[in-house]
Structure formats: structure tokens, C-alpha cells
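A look at the structure
What follows is each chain in one-letter form.
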Amino acid sequence: MRQPAFRPGILDRYLVALERGGIAPIVCASKADLLVDEADRTEKLEVLRDLRSFGAAALLVSADGGEGLDELRELVRGRTVVLVGQSGVGKSSLANALFPRLAAATGRVREGDGKGRHTTTRSELFEVDDVGTKLIDTPGVRAFGLADVTRADLAAYFKDFEPFVADCRFSDCRHVHEPDCGVRTAAESGELARRRFDAYLRILASLPE
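What comes next concerns the included structure. Computed from a predicted model, the values in this text were never measured in an experiment.

What about the layout of surface pockets?
Summary: where empty space remains is shown by rolling a probe the size of a single water molecule over the atoms. Volume-wise, the largest pocket comes out at about 820 Å³. Ile26, Val27, Cys28, Leu83 and Val84 are the residues nearest the centre of the largest pocket, which is lined by 37 residues in total. Elements that contribute at least two residues to the lining of the largest pocket include exactly helix 1 (8-21), strand 1 (26-29), helix 3 (69-76), strand 3 (80-83) and helix 4 (91-98). When residues of the lining of the largest pocket are assigned to their parent elements, the largest contribution, 5 residues, is made by helix 1. Considered class by class, the residues forming the lining of the largest pocket number 27 nonpolar, 5 polar and 5 charged.

What to know about helix 3
Within helix 3, burial applies to Leu69, Leu72 and Val76. Across the axial projection of helix 3, the buried residues extend over an arc of 65°, all falling on one side. Pointing more than 90 degrees away from the buried face of helix 3 are the exposed residues Asp70 and Glu74. Packed against the buried residues of helix 3 are strand 1, strand 2 (57-60), strand 3 and helix 4.

Topic: the side chain of Thr138
Mapping Thr138 onto the fold places it in the loop between strand 5 (134-137) and helix 6 (162-165). Looking at Thr138, its side chain comes within polar contact range of the main-chain oxygen of Leu83, at 2.6 Å.

Structural notes on helix 8 (residues 194-206)
Relative to the 18 Å expected for 13 residues at 1.5 Å per residue, helix 8 spans 19 Å between its end C-alpha atoms, a close match to the ideal helical length. Residues Arg195, Arg196, Phe197, Ala199, Tyr200, Ile203 and Leu204 constitute the buried set of helix 8. Against helix 1, helix 2 (38-52) and helix 7 (182-189) lie the buried residues of helix 8.

Quick notes on the nonpolar core
Ranked by size, the top nonpolar core spans 21 residues in total, and within it Val16, Leu154, Phe161, Val183, Leu192 and Tyr200 carry the most contacts. Element by element, the count of residues in this core is highest for helix 8, at 4 residues. What Leu154 contacts, discounting residues up to four positions off in sequence, is Val16, Val149, Tyr200, Ile203, Leu204 and Leu207. One finds Leu59, Leu69, Leu72 and Val81 within the second-largest nonpolar core, a separate group that totals 15 residues.

Some thoughts on the pairing of strand 5
Burial along strand 5 is one-sided: the residues Leu135 and Asp137 are buried and none of Lys134 and Ile136 is. Taken together, the 4 bridges between strand 4 (residues 124-127) and strand 5 define a ladder with antiparallel strand orientation. Note that in strand 5 the partner of Glu124 across the bridge is Asp137. Linking strand 4 to strand 5, which pair antiparallel, is a turn of 6 residues; within it Gly132 sits at a positive phi near 90°.

A closer look at the pattern of salt bridges
Within the structure shown, the criterion is met by 11 salt bridges. Two residues, Arg41 and Glu67, come together in a salt bridge whose shortest N-O distance is 2.4 Å. Of the two residues, Arg41 is situated in helix 2 and Glu67 in the loop between strand 2 and helix 3; the sequence distance between them amounts to 26 residues. Relative accessible area serves as the criterion here: at 23%, Arg41 is assigned to the partly exposed category. We classify Glu67 as partly exposed; its relative accessible area is 28%. With its nearest N and O atoms 2.8 Å apart, the salt bridge here joins Asp160 to Arg196.

Parameters at a glance
- Residues numbered from 1 in each chain as written.
- Predicted model: local features only at pLDDT ≥ 70, side-chain atom pairs only at ≥ 80, totals over all residues.
- Heavy atoms only, no water.
- 1 Å grid on protein atoms, 1.4 Å probe; cavity = no way out; pocket = protein on both sides within 12 Å on 5 of 7 lines; lining within 4 Å.
- Points joined across faces, edges and corners; volume = space filled by probe spheres on them.
- Helix = DSSP H or I, 4+ residues; strand = E, 2+ residues; numbered from the N terminus.
- Nonpolar A, V, L, I, M, F, W, Y, C, P; charged D, E, K, R; others polar.
- Buried < 20%, exposed > 50% of the residue type's maximum accessible area, 1.4 Å probe, protein only.
- Arc of directions from axis to C-beta.
- Contact = heavy atoms within 4.5 Å.
- Polar contact = N/O pair within 3.5 Å; in protein donor to acceptor, adjacent residues only side chain to side chain.
- Expected span 1.5 Å × (residues − 1).
- Core = buried A, V, L, I, M, F, W, Y, C linked by side-chain atoms within 4.5 Å.
- Pairing = 2+ DSSP bridges.
- Salt bridge = Lys/Arg side-chain N within 4 Å of Asp/Glu carboxyl O.

Bear in mind that shape data such as this cannot, by itself, settle questions of function.
Structural data, given as C-alpha cells:
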């Protein structure tokens, strides 16, 4: 949520990629302890509510304060999960807070200064408990592109559009300028989260035909 600043654009791209790959997302809004006041917290929670509206798990978490860790631990229990996100969001710190076994495995020190290693430079898979939970920690990214996603099929990866697509006049509607578009109408009326529709338009504009 802070340090670095929240970037909803990269989150929206991750969600498209996960949907395309058939992978269930769990959105962890990390560093919740750094939210400055209740208004700041309420604003961030509205983003998470938009995601929950189409079935995504989404929660505030704090590796330092402990918020959300029990819920997240249950969500990943017995599954193979991968941590992805931009550089500096605290993926490794979150993983270590969730699973003490993982913290022990990554607790090596750097030669020379004796400080712990906090920056992931390669993807690694860890078995983190006795019930089969496996976690892949990955290096942070600064940008995230979408491979093999075209303007024609992008809308299919926005699950929250599905209830409104049947109201579109055209079967190949891209929900931009077409008349009688059910998705655009839903966004304008508030039935569909406007932030999600705007995210779709931004990604659509960045893709090739």
C-alpha cells in the first residue's frame, strides 16, 4: 500500500495473466501498517471490494503487524502458490512472516557485512509446512507485460464483465464505442466497478490489434 506506492495498473495486468492461465488470484495488499489514517485505509479497502465482487480473494496484510496473516495462511494451506509483485512490496518478508520454516531456510547472511538477505534475485520453491503447502518466491518487477493477449480477447479475462456481456447488442463488442453495450452501461450505472472498467480501457489501448 505504501513504500512503494500502490500501483493498481500492474495489479490489473497480473489479474488478466492469472485468469488467462487458470490460476486463482489472492490479492495481498501488503504493508497495511503504513496506512496513514482511517480515510487512507477506507480508500484502499474500496479497491479490495472491487476485486471481491467477482470472486477474487483480497485482503490487507502486514508482515510486521500481523494483520491478515492467519486468514492468508488458511487460504494457501495445502496449495502450491507463487508470490508475484513489484520490487519492494515485501514479498519475502510476508512469506517469512507466514511460515517460520521458510524464514529459517532463507535466514542465511551475506558474506562481509553479516546482514540478512532480503532481496530475492531468483525464483525458489520451498515446502513450508507439513500439509503440502509449497511457496515459490520470485524476484520483484518494475513492469509487467501481457504476452499473447489481444484486443479481441481481453474482455474474456475480466470475470466481472460476464454478467453484462449478454446485454451487448454485438457478440464481438469491445465495450468502447459500440451502441447498446451492456458492460459500458453497467459501468456507468455503478453495477460494475468503474475502476475495473477504466482498467480494461487502459490495457486495451496498450495492446496490438
